[in-house]
Amino acid sequence: MLDQVVFYFFAVLAVASAILVVTRRNAVQSAIFLVTALLATAGIFLNLNAEFLFIVQVILYAGGIMVLFVFVIMLVNIDVALHQVQFNRQWFVALIITAVLAAQVVAAIAVSRGSLYTMPAAPAGTLEPNTERVAFVLFHTYMLPFEIASILLLVAMVGAVVMAKKRV
Amino acid sequence: MNAIMPYVFPVLFALVIVALLPLVAGYIVLMERKVMADMQVRLGPMRVGPHGLLQPIADAVKLLLKEDIIPENADRLVFWGAPLISVTTAMLALAALPIGPFFQIADLNIGLLFILGISSLGIFGTVLGGWASNSHYSLLGALRSAAQLVSYETSAGMAIVGALLLAGTLSTRGIVQAQSDTGWWFIFVAPVGFFIYLVASIAETNRAPFDMPEAESELVAGYMTEYSGFRWALYFLAEYTNMIVVASIATTLFLGGWLRPFANTRALNFLDYLPPLLMVWVAGYCFRRTPKQPVAVQKMFMAAVGVLCIVLAGVLAMPLVAPAGSLLASSKAGIHGAFWFLFKVGAYIYVFMWLRFTFPRYRFDQLMRLGWQFLVPLSIVNVMGIGLGLALHRQLNWPNGLSLPLGNALTAVAAAYLLSAAEKHEHPRVGEEEEETPVHA
Amino acid sequence: MADRYNPAGANLETTVLGADEIILNMGPQHPSTHGVLRVKLRLDGEKVVGSECVIGYLHRGVEKIAEHRSYQQFAPYVDRMDYVAAVSNGLGYCEAVEKLLGAEAPPRARVIRTILTELQRIASHLFWLGTHALDIGALTPLFYCLREREEILKIFEKYCGARLTTHAFRIGGLQYEAYDELEKDVERFCKEFDKRVDEYEALLTENRIWVGRTKGIGILTTEAAIAMGVTGPVLRASGVQWDIRKAMPYAAYDQYEFSIPTGKNGDTYDRYLVRLEEMRQSRKICLQAIENIPPGPIMGKVGKVLKPPPGEVYHSIEAPKGELGYYIVSDGTTQPYRVRIRPPSLINLEALDQMIRGHLVADVVAVIGTLDIVLGEVDR
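Residues numbered from 1 in each chain as written. Chains lettered and ligands numbered in written order. Predicted model: local features only at pLDDT ≥ 70, side-chain atom pairs only at ≥ 80, totals over all residues. Heavy atoms only, no water.

Colleague: So what's going on with the overall build of chain C? Residues and values would help.
Modeller: Counting its regular elements, chain C contains 15 helices and eight strands. Rg of the C-alpha trace for chain C: 21 Å, near the compact-globule value of 21 Å for 380 residues, within the 12% margin. Overall, chain C is about 70 × 50 × 35 Å in size when its C-alpha atoms are taken along their principal axes. In chain C, which comprises 380 residues, the proportion classed as buried is 63%. If you take every contact in chain C between residues at least 6 apart in sequence, the share linking residues at least 24 apart comes to 72%. Of the roughly 14,000 Å² that chain C leaves accessible, carbon and sulfur atoms contribute 52%. The distance from the centre of the 46 positive side-chain charges to the centre of the 51 negative ones in chain C is 3 Å. (Helix = DSSP H or I, 4+ residues; strand = E, 2+ residues; numbered from the N terminus. Rg over C-alpha atoms; globule rule 2.2 N^0.38 Å. Buried < 20%, exposed > 50% of the residue type's maximum accessible area, 1.4 Å probe, protein only. Contact = heavy atoms within 4.5 Å. Areas by Shrake-Rupley, 256 points an atom, 1.4 Å probe, with all protein chains shown as cover. Lys, Arg positive; Asp, Glu negative; His and termini not counted. Charge placed at Lys NZ, Arg CZ, Asp CG, Glu CD.)

Pasting the structure below:
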């Protein structure tokens, strides 16, 4: 019962702020709602006992990436952005694509109704800490892909530095 | 009923913390002013209450009654909400901190990550507040502050990772337990890591010598320039709460949390009598000063403070004199734990103040250089050093006393190298531009 | 190329990023401009590419006032120029008028003048050190410096009843005889003071942050310093051994031994070291002077009504901030025809633009501090 209340609270919050992100004209306000949406998602993770995922969502998306976003937005002249036309001519195409996607989701649920399998919620306190689980999976089972991904990130970072640096 | 029981104590603790925090922050400000005055051959606040003891309350009342000014072109909603973000995130971070083995709101298994993650959200309060004020000074201050926070969070996080390697858990309670088990506080096992965290935490809380965002002589008051009255007070509260948070993290991670010094040494058990005796001493001081207060009300207040200290001394002494095995005796860990925890937090904050009144201020570029070219590499080396020490201990069965100092020595060598490299780099910066400019006589 | 922000028409290259330069007004109401100085800064990001000082907010027409006052009446006005070093201002004026009159102060008066002026130099430098450190973010030295300055002001108060704008000297000598314990007070102060300077040095000289904030900042080369006509510690820090106390001795300076500290690089750090050493030297002069204060009258033979013969005179002294010169033209009446004052702060301030180019805004604060300007003197 409590779980569901919490879930619907966060779900509604996430969807509502996601809508506000695209409808607000002021970029800073959009960014604030994006943060809210991300945090609401994090709340859902927490509700699912995925603490590690929750905190990574908070640190990386809300705390890291969004701060950089806000940084950039601050430096842009918002008054100009406010007076620009918000929706451009492709809105019709976008609408069609969205409708098709929505239809797909609805169809998928309709077709597979009855065969959808929902897992029962684990009783509280019996889950082992998932930080250790995640670490184990990353550093044992998927060691190689993980390292490859790190090197990729490193390359991207070095590349960004090289491109941004004008004088040596 | 049983479904509610697990929530009772956490909610109670949370209420206590939320209710007391503004008061505590106020008294930290008073402590800061007193410490500053002491270092600067002055007395500090003396008028409101005996020895200025009521100054925080007077300040709070003043701030509450002040006119609430919102600049004309400000984004009202954001301007209104930004201080709230700062305060909320700062207070949330306190939730996972163990003030003594029993007094803790929630012992999360991602404890430290939670604190780090939540406090990293506080930056929004700063940046949005600076932006919403619609002033150049505020925006510049906010951007500086955000840049600084992001930079130093990196090294602080890495320093924490070093200690986490030693503890092997993210749970704050588990970390203290690990220090209790080995008998060594992590400050002795990873001194370099503690040093990195000390510097980074000062920078993160925007305190001098890294108080760029508020460099009074340059940017007036940084992101808070346009704020006044209670909104300003909220920012202030957030700032001091953040200080408490970083001090608590340092205490938990490096200074043994709620543990008494030499907690495992039975011969030093008399140290347990230190807290009540300290309180008695403070009470004695209060009583000695009581007749010297100029007004009757102040005399009463001073005496009341003394009585309060006596009561605290009694509370601290009770578990010691109670018969072993009784409920009272078993509460010793909780009561004394809280004392030692708060004592260490206070000491850490005192170091903050001490540094603030001793050092000049860094310039912004110097600050960034220190962060990225010294602390970040050093903290990475530190993690590797501690990792190496642990690996030698666990894989090759080296004794801990040998492998960990080796790791620290590695880090220290790296620090020396980085410093000497920085020295070479530091000074020729100016020459170029200066010489181009012709002397116009 | 020359415009109001770049009066010299120096070639200011277009900025690296091509971003718009912004103009930042620092002051006149700014905590670190030491009064009502306004500096218009042209910034590229945080880098200064040009500047212009706007002065005159404290202009009181001191020079004009002189033309309507008798010689004695004008003497208190000069105290209000460099109000941090009023005694030095008074000494320069009194000696200039004495020169115009062809009179001389008796030896006893000259020694007491020297003692008080050197104490004033210490007080002025202390005030500079405190505020300069405060600008760079060190809060505490200010209080230590003011504690010692207070001792000096107490000596002044005992001597003439005033602390700040003292009007300590009279044309022709002194009005007040030295009080009984002057020597003792000065000696006590000097004994204590040596340790105090070491204390300041312990706080700042080796401090990494202090060195980082001052070394290489606001460099003034020897040639530039001479060309700009700067004087005092600013000139000496650029490596010129020029001190009017040695070059053209006045008061009783020819009797005492002291050295002129000079710097090498002409940066803010050197100016700091030079001023600290000057305080030590001043202390040395004071100690020598109280050894032997000659007996005798304290007032020379000048009439009640001063009527200098027509003519003109220029007399300058080494004030704490540099060469303080008085150019007085007499038309034979009781009032000067024209008084022109050469204030060291104004001339030193002219070097500001050169010194801050290429630095960051935070350094502007440091450089304004290191020039040790007093706006009362700049604007007069």
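Colleague: Describe the interface of chain A and chain B, listing the residues and the values that go with them.
Modeller: With 24 residues of chain A in contact, the opposing surface of chain B contributes 21 residues. Of the roughly 1,900 Å² buried at the junction of chain A and chain B (both faces included), carbon and sulfur atoms supply 83%. For the pair chain A and chain B, the interface holds zero salt bridges. Counting the contacts that link chain A with chain B gives zero residue pairs in polar contact (both at pLDDT 80 or more). (Buried area = accessible area lost by both parts, 1.4 Å probe. Salt bridge = Lys/Arg side-chain N within 4 Å of Asp/Glu carboxyl O. Polar contact = N/O pair within 3.5 Å; in protein donor to acceptor, adjacent residues only side chain to side chain.)

Colleague: Residue-level account of the packing of helix H11 (residues 268-291) of chain C against helix H14 (residues 361-371) of chain C, with values.
Modeller: Residues and elements named next belong to chain C. Their axes nearest at 10 Å, the elements H11 and H14 cross at an angle of 30°. Classified by the angle their axes make, H11 and H14 are roughly parallel. The handedness of the crossing between H11 and H14 comes out as left-handed. Contact with H11, carried on its side by Thr268, Arg271 and Arg275, involves Ala366, Val367, Thr370 and Leu371 of H14 and no other residues of that element. (Axes fitted to C-alpha atoms, helices over the stretch in contact; angles between N-to-C directions. Parallel < 35°, antiparallel > 145°, perpendicular 65-115°, else oblique. Left-handed = near helix turned anticlockwise from the far one by under 90°.)

Colleague: Describe the sheet that holds strand S6 (residues 311-319) of chain C, and please don't skip the residues or the numbers.
Modeller: All names here are of chain C. Within the open sheet, the three strands sit side by side as S6-S7-S8. Their pairing is antiparallel. Edge positions in the sheet fall to S6 and strand S8 (336-342), since each has one partner strand and no second. Averaged over all adjacent pairs, the angle separating strand axes in this sheet is 15°, with direction ignored. In this sheet, S8 lies alongside strand S7 (residues 322-330) in antiparallel orientation, the contact comprising six bridges. Bridge pairing in S8 places Tyr326 opposite Ile341. (Pairing = 2+ DSSP bridges.)

Colleague: Tell me about the pattern of salt bridges, residues and numbers included.
Modeller: Within this structure, the stated rule accounts for 36 salt bridges over all chains. Notably, a salt bridge pairs Asp68 of chain B with Arg231 of chain B, separated by 2.5 Å at the nearest N-O pair. A residue pair is termed long-range when its members are at least 10 positions apart, and Asp68 of chain B in the loop between helix H2 (55-65) and helix H3 (76-93) and Arg231 of chain B in helix H10 (residues 229-253) qualify at 163 residues. Note that Glu118 of chain C is salt-bridged to Arg245 of chain C, the shortest N-O span being 3.1 Å. Here Glu118 of chain C is found in helix H4 (residues 107-135), whereas its partner Arg245 of chain C is found in helix H10 (residues 244-247), with 127 residues between them in sequence.

Colleague: Mind laying out the state of the cysteines, listing which residues take part and the relevant values?
Modeller: All names here are of chain B. Throughout the structure, instances matching the rule amount to zero disulfides over all chains. Cys309 takes part in no disulfide bond, and the closest cysteine sulfur, belonging to Cys286, lies 5.0 Å away. For Cys309, a relative accessible area of 9% corresponds to the buried category. (Disulfide = S-S within 2.5 Å.)

Colleague: I'd like to hear about H2 of chain B, residue by residue, with values.
Modeller: It helps to recall that an α-helix has 3.6 residues per turn; residues three or four apart then point in one direction. Residues and elements named next belong to chain B. Taken residue by residue, H2 has Gln55, Pro56 and Leu63 as its buried positions. Across the axial projection of H2, the buried residues extend over an arc of 100°, all falling on one side. Exposed and facing more than 90 degrees away from the buried side of H2 are Leu64 and Leu65. (Arc of directions from axis to C-beta.)

Colleague: Before we move on, could you go through the confidence of the model for chain B and cite the residues and values that matter?
Modeller: Across chain B, the average pLDDT comes to 80, with 91% of residues at 70 or higher. Here residues 427-441 of chain B is modelled with pLDDT under 50, and outside its nearest four sequence neighbours on either side it reaches 30 contacts, counting other chains as well. (pLDDT = per-residue confidence, 0-100.)

Colleague: Outline the environment of Pro309 of chain C, supporting the account with residue identities and numerical values.
Modeller: Residues and elements named next belong to chain C. Looking at where Pro309 falls in the secondary structure, it is placed in the loop between H11 and S6. By relative accessible area, Pro309 is classed as partly exposed at 46%. For the pair Pro309 and Leu174, spaced 135 residues apart in sequence, the C-alpha to C-alpha distance is 22 Å. Leaving out residues up to four positions away in the same chain, Pro309 has contacts with Leu100, Ser330 and Gly332.

Colleague: Lay out the sheet that holds strand S2 (residues 38-44) of chain C with the relevant residues and their values.
Modeller: All names here are of chain C. Strand order across the open sheet formed by three strands is S1-S2-S3, with antiparallel pairing between neighbours. Both edges of this open sheet fall to strand S1 (22-26) and strand S3 (47-54), since each of them pairs with a single strand only. Adjacent strand axes in the sheet meet at a mean angle of 25° when their direction is disregarded. Sheet analysis places S2 next to S3, joined by seven bridges and oriented antiparallel.

Colleague: Any chance you could break down a nonpolar patch on the surface for me, citing the residues and the numbers?
Modeller: All names here are of chain B. A surface patch of nonpolar side chains, about 780 Å² in accessible area, is lined by Val16, Leu20, Leu23, Val24, Ile57, Val61, Leu64, Leu65 and Phe230. Those elements that place two or more of their residues in the nonpolar patch are helix H1 (5-39) and H2. Here Leu65 is to be found in helix H2. (Patch = residues over 30% accessible without salt bridge, like charges linked within 9 Å, V, L, I, M, F, W, Y side chains within 5 Å.)

Colleague: Can you lay out the domain arrangement of chain B for me, pointing to particular residues and giving the numbers?
Modeller: Residues and elements named next belong to chain B. Domain boundaries assigned for chain B yield domain 1 (1-65), domain 2 (66-259 + 358-426) and domain 3 (266-356). If you average the C-alpha positions of domain 1 and of domain 2, the two centres end up 22 Å apart. Tallying the contact residues gives 17 residues for domain 1 and 20 residues for domain 2. At the boundary of domain 1 with domain 2, total buried surface from both sides reaches about 1,700 Å², with 79% on carbon and sulfur atoms. Of all residues in domain 1, Phe13, Leu21 and Leu63 give up the largest surface area on contact with domain 2, accounting jointly for 36% of the area buried on that side. At the surface where domain 1 touches domain 2, the tally comes to zero salt bridges. In this assembly, domain 1 and domain 2 are joined by four residue pairs in polar contact (both at pLDDT 80 or more). (Domains from an automatic or database assignment.)

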